[in-house]
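Secondary and tertiary structure notes
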Amino acid sequence: MTHWINSPDTLRERLANPPRTVGLDTEFIRERTYWPQLALVQIALGQDGTAAAADEILLVDACIDGMAATLAPLLTNPDVVKVMHSPSEDLVAFQHACGALPTPLFDTQAAAALAGIGAGMSYQKLVHALTGTELAKGETRSDWLRRPLSPAQLDYAADDVRHLHVLHAQLQATLDASGRSSWLDEDSKRQLAAAADPDPDPWPHLGLRSARFLDADGQHRLLRLLRWRERQARASDRPRGWILDNELAVTLARRNPADRSACDALLDAAPKAPRGLREALWHALTKPLPDEATAPLAKDDESDRKRLRAMQEAVATLAAELQLPEGVLASRRMLEPLLNGAGWAGALAGWRRRLLEPRLAPLLDP
């Protein structure tokens with residue numbers, strides 16, 4: 001059965017004795033804000049991985065005052081596994097709305113990749129692959145903040161968690177049999193730690209492929225602009241692109257306008273320029289950061305490209321041996337910081353380092 005929950009007291013009663021495992025998902029709106037606006041939380045109760053046990057579903061109206069705080073104890077309960085599918089944005093929504101994260105976490109998309117079923121599989125495709133059930137996709141762009149929600153929205157929301165217990169049971173068994181459960185545990189803990197970290201990425205310029213075509217000074221200017229944009233977006237709760245889009249940021253960093261009037265001319269020529277923030281933007285562009293001299297630089301010389309290709313070939317060979325998708329073992333985005341001297345950090349730590357270091361270490365020598 002599906003239950004509409006619009007009272008914190010009712011939710012508290014329903015979750016007084018939670019099962020060992022719950023399926024969890026959210027619906028939120030993030031089109032006009034930096035932070036996701038949590039609208040709905042779906043909870044599939046059940047504990048033995050059967051369809052019958054998972055059929056009691058709570059649709060929690062997160063717009064109700066006090067609901068987020070009532071959800072927090074379930075999210076942080078260490079005895080309840082939260083089964084979610086590709087939850088990175090859901091984690092941000094929970095952290096912002098509830099001040100809590102779903103711990104411990106079982107990500108069915110990551111589990112399917114480590115089980116060799118497929119990388120980046122959508123929930124609909126994974127449900128079909130493991131259960132044969134076809135799910136509708138019709139409400140993916142709904143306005144989840146409106147009330148009342150339509151019957152189609154409610155059905156879609158319930159379906160998003162209805163099969164998570166069955167997926168969890170099958171995937172957990174496969175990972176246990178292959179000895180890869182610890183890999184998923186490591187990745188889940190790393191994902192949760194990243195979501196809990198209030199500090200933004202210190203080197204956002206490395207995430208833009210066009211940064212590699214800038215010289216060191218240009219990359220430093222781009223870094224200044226991207227950090228300023230991040231602060232502005234968070235403070236105003238507006239999307240980053242509304243503050244300053246990537247293309248204009250790179251243009252300003254590359255052209256390095258000689259004075260304020262030259263900078264204003266570039267802004268006037270750009271349709272999406274933040275004209276109301278031009279003074280703050282000019283200040284950000286021209287004031288060096290205390291740590292920019294230590295910033296890693298995106299590289300694009302031929303020797304680096306050859307080394308990166310060699311690393312990717314080594315990853316592909318090992319991935320084939322392990323029957324893993326290459327991008328799951330080590331994507332290009334993981335390898336580039338390693339090539340740039342960042343070391344075995346982030347996703348390359350732990351089980352990936354143990355597998356990859358013997359193959360990649362010889363290729364890292366200059």
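Quick note: structure is the one above.
In this text the structure is predicted, and so the values were computed from the model without any measurement. (Residues numbered from 1 in each chain as written. Predicted model: local features only at pLDDT ≥ 70, side-chain atom pairs only at ≥ 80, totals over all residues. Heavy atoms only, no water.)

What to know about the overall build of the protein chain
In terms of regular secondary structure, the protein chain is built from 17 helices and six strands. For 366 residues, the compact-globule estimate of 2.2 N^0.38 gives 21 Å, and the protein chain sits close to it at 23 Å. Overall, the protein chain is about 65 × 50 × 35 Å in size when its C-alpha atoms are taken along their principal axes. Excluding contacts between residues fewer than 6 apart, the proportion of contacts in the protein chain whose partners are at least 24 apart in sequence is 65%. Counting every atom, the protein chain has about 17,700 Å² of accessible surface; 51% of that belongs to carbon and sulfur. Treating the 43 positive side-chain charges of the protein chain as one cloud and the 49 negative ones as another, the clouds have centres 5 Å apart. (Helix = DSSP H or I, 4+ residues; strand = E, 2+ residues; numbered from the N terminus. Rg over C-alpha atoms; globule rule 2.2 N^0.38 Å. Contact = heavy atoms within 4.5 Å. Areas by Shrake-Rupley, 256 points an atom, 1.4 Å probe, with all protein chains shown as cover. Lys, Arg positive; Asp, Glu negative; His and termini not counted. Charge placed at Lys NZ, Arg CZ, Asp CG, Glu CD.)

A word on the environment of leucine 223
Position of leucine 223 relative to the elements: it lies in helix 9 (residues 216-236). Taking C-alpha positions, leucine 223 is 7.8 Å from glutamate 292, a pair spaced 69 residues apart along the chain. Residues within four places of leucine 223 in sequence aside, it is in contact with Pro202, Trp203, Pro204, His205, Leu289, Glu292 and Ala295.

Considerations on the nonpolar core
Counting residues in each nonpolar core, the largest one holds 51 residues, and the members touching the most others are Leu114, Trp144, Leu171, Leu329, Leu356 and Leu360. Residue contributions to this core peak at seven residues, all from helix 14 (residues 302-322). Counting 29 residues, the second largest nonpolar core, distinct from the first, contains Leu38, Leu45, Val60 and Met84. (Core = buried A, V, L, I, M, F, W, Y, C linked by side-chain atoms within 4.5 Å. Buried < 20%, exposed > 50% of the residue type's maximum accessible area, 1.4 Å probe, protein only.)

Considering the pairing of strand 1 (residues 2-5)
The alternating pattern of strand 1 places His3 and Ile5 on a buried face, while none of Thr2 and Trp4, on the opposite face, is buried. Sheet topology note: the strand 1/strand 4 (residues 57-61) ladder contains four bridges and is parallel. Note on strand 4: the bridge partner recorded for threonine 2 is isoleucine 57. (Pairing = 2+ DSSP bridges.)

Quick word on the sheet that holds strand 2 (residues 21-29)
Read across the sheet, six strands follow the order 1-4-3-2-5-6 without closing on themselves; strand pairing throughout is mixed. Pairing within the sheet leaves two strands with one partner each, and these edge strands are strand 1 and strand 6 (105-107). Here the average twist between neighbouring strands, direction ignored, is 25°. Bridge count for strand 2 against strand 5 (residues 81-84) is three bridges, and the pairing is parallel. In the strand pairing of strand 5, threonine 21 is matched with valine 81. On the sheet, helix 3 (residues 88-98) packs against strand 2, strand 3 (37-44), strand 5 and strand 6 and is oriented at approximately 80° with respect to strand 2. (Axes fitted to C-alpha atoms, helices over the stretch in contact; angles between N-to-C directions.)

Observations regarding the state of the cysteines
One pass over the structure, following the stated rule, counts zero disulfides. Counting only cysteine sulfurs, cysteine 98 is the nearest neighbor of cysteine 63, a cysteine outside any disulfide, at a range of 12 Å. The class of cysteine 98 is buried, set by a relative accessible area of 13%. (Disulfide = S-S within 2.5 Å.)

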